[in-house]
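Structural features, examined
Chain residues, written in single-letter form:
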Amino acid sequence: MAYSDVHFAELWGLIDWEGRLNRSRLLLAAGAVGMAGGAVFQAGPGITGLPGVRKALFPRLSGDGRTDHVALTFDDGPDQATTPLFLQALADHQIRATFFLLGSRVAMKPRLAAEIAEAGHELAVHGWDHRYLPLRGPLATYEDLARTVELISTATGRVPDKFRPPYGVLSTASILAARRLGLTPVLWGCWGKEWTPGATAHSVSETLGEELRGGVTVLLHDSDCTSPAGSAMAALGALPLLLRECDRQALEVGPLAEHALVG
């Protein structure tokens, strides 16, 4: 499907789910980077990848929710080397989370995806592989998301209803595909940046602490398949420190399904 086949009215409808991206806000955001014509429609939503823009204009997309709750989310799995360690750590603390899975990795380890679901965690879509979506066309984007939804559903018996794009960068094609598939895009408001070279559990914990508050969605990675070796272990080491700080602030920690997204 070429962009000539997509009606502008549909593009400016953009998100039709509850908590939709407001079209005037998206126009404002796209205009801020000086895009024009068809490029706005494809890459314009990517401006929401900028934390300042996202937090100011799109609180629901930022994962803002209950003020007494922190949504804990993980990207890039499942990974046989590290995901079981995260599952054990979460079980030890009796915490459930949301795992944004890559379809290509579910295809390699469908049983591990099922184990995540069996442990009570929420499953969501992170795309088929970790590719930058503004460079993908509408048909390829839809097919990638659709087969990921189908594979997760088949492997786990759970139909995902949330989507986070690789690198946190949306495109119009991904917005339209998500809408067709019943997926709500959710990014984050707080992350550990464990993919930074030389990151440690302490540095990840400190980085998380800069934005940690009630109502925020936290992003960590349970795999380092797209980041430097050892980054997932830095996130794993920071996890108990994060949970301890949430406990200190009397904040409940859980999956996005219990976060009551605002907006």
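Relevant structure appears above.
Since the structure is predicted, the reported quantities are computational estimates derived from the model, not experimental observations.

Core analysis: the largest hydrophobic core is formed by 51 residues, its most contacted members being Leu72, Phe74, Val218, Leu220, Leu239 and Leu242. The element that contributes the greatest number of residues to this core is helix H11 (residues 231–248), accounting for 9 residues. Not counting the four nearest positions on each side in its chain, Val218 is found in contact with Val70, Ala71, Leu72, Thr73, Cys190, Leu208, Leu212 and Leu242. Ala71, Ala124, Val186 and Leu256 belong to the second largest nonpolar core, which has 6 residues in total.

At a closest axis distance of 9 Å, the pairing of helix H8 (residues 138–156) and helix H9 (residues 172–181) adopts a crossing angle of 40°. Between H8 and H9, the angle is such that the two are oblique. Taken as a pair, H8 and H9 cross one another with a handedness that is right-handed. Facing H8, whose interface residues are Pro138, Thr141, Tyr142, Leu145 and Ala146, H9 presents Ala173, Ser174, Ala177, Ala178, Arg180 and Leu181. Here the contact of H8 with H9 is composed, by residue class, of 8 nonpolar, 2 polar and 1 charged.

Under the counting rule described, the total for this entry stands at 0 disulfides. Distance from the sulfur of Cys190, which forms no disulfide, to the nearest cysteine sulfur (Cys246) is 8.4 Å. With relative accessibility at 1%, the residue Cys190 sits in the buried group.

Thresholds, definitions, all that
- Residues numbered from 1 in each chain as written.
- Predicted model: local features only at pLDDT ≥ 70, side-chain atom pairs only at ≥ 80, totals over all residues.
- Heavy atoms only, no water.
- Core = buried A, V, L, I, M, F, W, Y, C linked by side-chain atoms within 4.5 Å.
- Buried < 20%, exposed > 50% of the residue type's maximum accessible area, 1.4 Å probe, protein only.
- Helix = DSSP H or I, 4+ residues; strand = E, 2+ residues; numbered from the N terminus.
- Contact = heavy atoms within 4.5 Å.
- Axes fitted to C-alpha atoms, helices over the stretch in contact; angles between N-to-C directions.
- Parallel < 35°, antiparallel > 145°, perpendicular 65-115°, else oblique.
- Left-handed = near helix turned anticlockwise from the far one by under 90°.
- Nonpolar A, V, L, I, M, F, W, Y, C, P; charged D, E, K, R; others polar.
- Disulfide = S-S within 2.5 Å.

Everything listed here is a matter of geometry and, on its own, says nothing about what the molecule does.
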